[in-house]
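Residue-level listing of the chains:
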Amino acid sequence: MSTRTLIRGGLVVTAADEVHADVLVDDGRIAALAAHGTTVAEGWTADRVIDATGKYVLPGGVDAHTHMELPFGGTFASDTFETGTRAAAWGGTTTIVDFAVQTRGRALREGLDAWYAKADGKCAIDYAFHMILSDVNESSLKEMDLLVEEGVTSFKLFMAYPGVFYSDDGQILRAMQRSASNGGLIMMHAENGIAIDVLVEQALARGETDPRYHGEVRKVLLEAEATHRAIQLARVAGAPLYVVHVSAEEAVAELAAARDKGLPVFGETCPQYLFLSTDNLAEPDFEGAKYVCSTPLRPREHQAALWRGLRTDDLQVVSTDHCPFCFTGQKDLGRGDFSKIPNGLPGVENRMDLLHQAVVDGHISRRRWIDIACAAPARMFGLYPKKGTIAPGADADVVVYDPHAVQTISADTHHMNVDYSAYEGRTVTGQVETVLSRGEVVVDRRTWTGRAGHGLYTPRSTCQYLN
Ligand SMILES: NC(=O)NCCC(=O)O
Ligand SMILES: [Zn+2]
Ligand SMILES: [Zn+2]
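Keep in mind the model is a prediction, meaning the values are calculated, not measured.

Each value, and the rule that gives it
- Residues numbered from 1 in each chain as written.
- Chains lettered and ligands numbered in written order.
- Predicted model: local features only at pLDDT ≥ 70, side-chain atom pairs only at ≥ 80, totals over all residues.
- Heavy atoms only, no water.
- Salt bridge = Lys/Arg side-chain N within 4 Å of Asp/Glu carboxyl O.
- Helix = DSSP H or I, 4+ residues; strand = E, 2+ residues; numbered from the N terminus.
- Buried < 20%, exposed > 50% of the residue type's maximum accessible area, 1.4 Å probe, protein only.
- Contact = heavy atoms within 4.5 Å.
- Donors = N, O, S within 2.8 Å, 3.2 Å for Na, K, Ca; no water.
- 1 Å grid on protein atoms, 1.4 Å probe; cavity = no way out; pocket = protein on both sides within 12 Å on 5 of 7 lines; lining within 4 Å.
- Points joined across faces, edges and corners; volume = space filled by probe spheres on them.
- Nonpolar A, V, L, I, M, F, W, Y, C, P; charged D, E, K, R; others polar.
- UniProt positions renumbered as here; feature names shortened; annotations may be inferred.
- Core = buried A, V, L, I, M, F, W, Y, C linked by side-chain atoms within 4.5 Å.
- Near = heavy atom within 4 Å.
- Polar contact = N/O pair within 3.5 Å; in protein donor to acceptor, adjacent residues only side chain to side chain.
- Axes fitted to C-alpha atoms, helices over the stretch in contact; angles between N-to-C directions.
- Parallel < 35°, antiparallel > 145°, perpendicular 65-115°, else oblique.
- Left-handed = near helix turned anticlockwise from the far one by under 90°.

Q: Please explain the pattern of salt bridges as it appears in this structure.
A: Where charged atoms from two side chains of opposite charge approach closely, those side chains can pair. All told, the structure shown has 28 salt bridges when counted by the stated rule. The salt bridge partner of Arg368 is Asp313, with a shortest N-O separation of 3.0 Å. Highlighted residues: Arg368 in helix 13 (residues 366-380) and Asp313 in the loop between helix 11 (303-312) and strand 16 (317-318), separated in sequence by 55 residues. Residues Asp332 and Arg335 are paired through a salt bridge, measuring 3.1 Å at the closest nitrogen-oxygen approach. You can call Arg335 partly exposed: its relative accessible area is 49%. Each of Asp126, Lys386, Lys387, Asp395, Asp397 and Arg438 takes part in salt bridges that share partners, so that together they form one network.

Q: Sorry, what's going on with the side chain of His302 here?
A: Tracing the backbone through its elements, the reader meets His302 in the loop between helix 10 (278-281) and helix 11. Apart from residues no more than four positions distant in its own chain, His302 is found in contact with Val220, Ser247, Ala248, Glu249 and Glu250.

Q: I'm lost on the coordination of the zinc ion (ligand 2) in this one. Help?
A: Around a metal, the idealised angle for a tetrahedral arrangement of four donor atoms is 109.5 degrees; for an octahedral arrangement of six donor atoms it is 90 or 180 degrees. Bound to the zinc ion (ligand 2) on the protein side are Lys156 (NZ), His189 (ND1) and His245 (NE2), at distances that span 2.1 Å. Here the donor residues of the zinc ion (ligand 2) are spaced in sequence according to K-x32-H-x55-H. Separation of the zinc ion (ligand 2) from the zinc ion (ligand 3) amounts to 4.1 Å. One end of the pair, Lys156, is in strand 12 (residues 154-158); the other, His245, is in the loop between strand 14 (241-243) and helix 8 (249-260), and 89 residues separate them in sequence.

Q: Would you mind going over the layout of surface pockets with me for this structure?
A: It is the rolling of a water-molecule-sized probe over the atoms that shows where space remains empty. Volume-wise, the largest pocket comes out at about 410 Å³. As for the largest pocket, its lining consists of 21 residues, of which Phe72, Tyr161, Arg218, Ser339 and Asn343 are closest to the centre. When contributions to the lining of the largest pocket are tallied by element, the ones reaching two or more residues are strand 8 (71-72), helix 5 (193-205) and helix 6 (212-217). For the lining of the largest pocket, the leading source of residues is helix 5, giving four residues. In this structure, the second largest pocket occupies an estimated 190 Å³ of space. Together, 15 residues line the second largest pocket, and Glu349, Gln407, Thr413, Gln431 and Arg446 are the ones closest to its centre. Listed by contribution, the elements that provide at least two residues to the lining of the second largest pocket are strand 17 (398-408) and strand 18 (427-437). Split into classes, the residues belonging to the lining of the second largest pocket amount to three nonpolar, nine polar and three charged.

Q: So what exactly am I meant to see when it comes to empty space enclosed by the protein here?
A: This model, assessed by the stated rule, comprises one cavity of 30 Å³ or more. Size it by volume and the largest cavity reaches roughly 130 Å³. Along the wall of the largest cavity there are 16 residues; nearest its centre are His67, Phe72, Tyr161, Asp321 and Asn343.

Q: Mind showing me how you'd approach the UniProt feature "domain: Amidohydrolase-related" (unreviewed entry) in the chain here?
A: Under the local residue numbering, the UniProt record ascribes the feature "domain: Amidohydrolase-related" (unreviewed entry) to residues 56-442. In residues 56-442, the share of helix is 37% and the share of strand is 19%. The end C-alpha atoms are 17 Å apart.

Q: Just to check I follow, could you spell out the nonpolar core for this structure?
A: When a protein is soluble and globular, its nonpolar side chains tend to lie buried together. Counting 135 residues, the largest nonpolar core has Met176, Met188 and Trp369 as the members making the most contacts within it. Counting residues in hydrophobic clusters, the runner-up holds 16 residues, among them Ala21, Ala394, Ala396 and Val398.

Q: Could you clarify how one ought to interpret the coordination of the zinc ion (ligand 3) in this entry?
A: Those protein atoms acting as donors to the zinc ion (ligand 3) are His65 (NE2), His67 (NE2) and Asp321 (OD), and they sit at 1.9 to 2.1 Å. When the donors of the zinc ion (ligand 3) are listed by position in the chain, the intervening gaps give H-x1-H-x253-D.

Q: I'm lost on the site of ligand 1 in this one. Help?
A: In the vicinity of ligand 1 lie 13 residues, with Lys156, His189, Ser294, Asp321 and Asn343 positioned nearest. Within the contact set of ligand 1, an oxygen atom lies 2.9 Å away from a side-chain nitrogen or oxygen of Lys156. In this structure, a nitrogen atom belonging to ligand 1 sits 3.0 Å away from a main-chain N or O atom of Asn343. Broken down by class, the residue content of the shell around ligand 1 amounts to four nonpolar, seven polar and two charged.

Q: What should I look at first to understand the environment of Gly329 in this one?
A: Mapped onto the secondary structure, Gly329 falls in the loop between strand 16 and helix 12 (351-360). In this structure, the C-alpha to C-alpha distance between Gly329 and His356, residues 27 residues apart in sequence, is 33 Å.

Q: Would you explain the packing of helix 12 against helix 13 in this entry?
A: Axes are the key here: two packed helices are described by the angle between their axes and the distance separating the axes. Between helix 12 and helix 13, whose axes approach to 9 Å, the crossing angle comes to 155°. Classified by the angle between their axes, helix 12 and helix 13 sit roughly antiparallel to one another. The interaxial crossing formed by helix 12 with helix 13 has right-handed handedness. Across from Arg351, Met352, Leu355, His356 and Val359 in helix 12, the residues of helix 13 making contact are Arg366, Trp369, Ile372, Ala373 and Cys374. Of the residues assigned to the contact of helix 12 with helix 13, the class counts are seven nonpolar, one polar and two charged.

Take a look at the structure:
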């Protein structure tokens, strides 16, 4: 028997609209919206009523860039699909798109099946996969077509990490040509990794081993150059392009110039680039290791360009690149050699709140918040309108959000499986109160009611900005 839930009295905020409306959920989907006070006349009945008076009613967040259990630098990202998706839900995110990894010399199929198995039965919220291409060759190019048909419609390539994930320009061009014909979307890690590795070697030879040198060798110009090159290769291939984790003003300028020409080029940034900086990387006593990720944190001055890009739609998406490693036992691997610090930051639980703080601070509007965190990632990766909005027929992934609650972010209270918070001690206004995933209440007034295995694998269509 289906359960009907009425979410009453809130302000429904989507990327397109803000309406004072009650929301009826039936059998896991949004059934209808109606003006406050009209639901009795409409004859609506419900098994459960959630009072959202004075609160926002939001579509669940879509985090299109996470790495649960990612093998990296001799260790694994510390959140499993179970712990990471639970933390995501606590933070108002109800869908993640994680990355399955192709091992060099092996088939895409093998990597994807391994990731299906890791996630199966573990997730508290719905999930999907992109595929990381670590070995572009004739057979992996053919496999791309099959994956697109199967609902894995985006492929990440790396211009960094030679010997690990790196693809050369010829491999990149071939993968882009393939995506131009099969409808897939290439996601690019745009940093010139060959040049960076030279600078790493030279820095270490000078005895520059602290975490802050990670930021110094991964130069802004090498992000901008790679972004420019990726755009030109995509033009040659006639393929669309999505650049992940954009951190530098000069890289935003490359994207803006391409978009001004009308090219199908898209960009993502992450909360760490909007709220943190090289000041964090320079923290003493190896504390800077907590902030080592790639692309790296940049000097604070870059943040204005990222916010501007989000306002002008030169950047479309904010995802987390959630890739947590504990300070003790994992980040530690790089004491005395910054190049051995596992790259990545935790954040899947903090994204919706930090972006609400950006609304409070006047960087973005409320609707833009929902666009960059919910609707645009859903459209970009073929999940809309099932995910990313509140409309009849959509999955009932809904967040009741208290815009007035004040909270202090801390590892003492977060739910991610990592021993520090990148935002420790930061006070933000706004907090998730209740979360529904396909109509099931998984967070009930800040009590966990979800379960591992509720989350379902969700195949995707191709990028909906190109249709
Ligand atoms: N971003 C990062 O530092 N780690 C995760 C892997 C990647 O996205 O490049
Ligand atoms: Zn990357
Ligand atoms: Zn990543």
